Amino acid sequence: MMTVPVTKPRPAEIEIAREWIRQFFGGRCIRCQKETRIVHELEPRSQRPADYWEISNQVLLCAECHTWAHDTPSIVVLPILLRCQRAAMEGRTFEDTVV
């Protein structure tokens, strides 16, 4: 069985990436726009061990939305959060993406 080597990032690298995410999203939850500092991984470390800490895999969520993300099945959460992430990157809110 072949294993893929995992390069573990240093804690300082992870914190730099998280701080960049906080600044990029303006310190606001991508789902409800509340102020927050909670960085959520779209795909968890268990499913993406080699690069879970990459910026493209992280978003900001408030405590309430973070709980929702963990309590709701991924098949429901991931498309919503990706849409929120895309909207935030374009300077729009989640509500602007609802048809």
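Now for a quick tour of the structure. (Residues numbered from 1 in each chain as written. Predicted model: local features only at pLDDT ≥ 70, side-chain atom pairs only at ≥ 80, totals over all residues. Heavy atoms only, no water.)

Glancing now at the overall build of the protein chain. Counting its regular elements, the protein chain contains four helices and two strands. Going residue by residue from the N terminus, the α and β elements of the protein chain occur as α-β-β-α-α-α. By the burial criterion, 33% of the 99 residues in the protein chain qualify as buried. For the protein chain, restricting intrachain contacts to residue pairs at least 6 apart in sequence, the fraction spanning at least 24 positions comes to 58%. Surface accessibility of the protein chain: about 6,600 Å² in total, with carbon and sulfur atoms responsible for 57%. (Helix = DSSP H or I, 4+ residues; strand = E, 2+ residues; numbered from the N terminus. Buried < 20%, exposed > 50% of the residue type's maximum accessible area, 1.4 Å probe, protein only. Contact = heavy atoms within 4.5 Å. Areas by Shrake-Rupley, 256 points an atom, 1.4 Å probe, with all protein chains shown as cover.)

Below, the discussion takes up the pattern of salt bridges. Under the counting rule described, the total for this entry stands at eleven salt bridges. In this structure, Arg48 and Glu43 form a salt bridge, with 3.4 Å as the shortest nitrogen-oxygen distance. Taking the relative accessible area as the measure of exposure, Arg48 reaches 17% and is therefore buried. Of the charged contacts, one joins Arg48 and Asp51 as a salt bridge, the two residues approaching to 2.8 Å between their closest N and O atoms. (Salt bridge = Lys/Arg side-chain N within 4 Å of Asp/Glu carboxyl O.)

All right, on to the side chain of His40 then. Within the secondary structure, His40 sits in strand S1 (residues 39-41). Under the relative-accessibility criterion, His40 is labelled buried at 7%. A distance of 3.3 Å separates a polar atom in the side chain of His40 from a polar atom in the side chain of His66. If we ignore the near neighbours within four places in the chain, the residues touching His40 are Asn57, Gln58, Val59, Leu61, His66, Ala69, His70 and Leu81. (Polar contact = N/O pair within 3.5 Å; in protein donor to acceptor, adjacent residues only side chain to side chain.)

Attention now goes to the packing of aromatic side chains. The way to describe two aromatic rings as a pair is by their centre distance and the angle between their planes. Tallied over the entire structure, the rule returns two aromatic pairs. Each ring, one from Trp20 and one from Phe24, has its centre 4.9 Å from the other, and the planes form 15 degrees; the classification is stacked. Residue Trp20 and its partner Phe24 are located together in helix H1 (residues 11-24), separated by four residues, close to a single helical turn. Taking relative accessible area as the criterion, Phe24 reaches 37% and is therefore assigned partly exposed. What links up through ring pairs into an aromatic cluster is the set Trp20, Phe24 and Phe25. (Phe/Tyr/Trp six-rings, centres within 6.5 Å; stacked < 30°, edge-to-face > 60°.)

Before going further, it helps to spend a moment on the environment of Ile30. Locating Ile30 in the fold gives a position in the loop between H1 and S1. Since its relative accessible area comes to 2%, Ile30 is described here as buried. In this structure the C-alpha to C-alpha distance between Ile30 and Leu82, which are 52 residues apart in sequence, comes to 9.6 Å.

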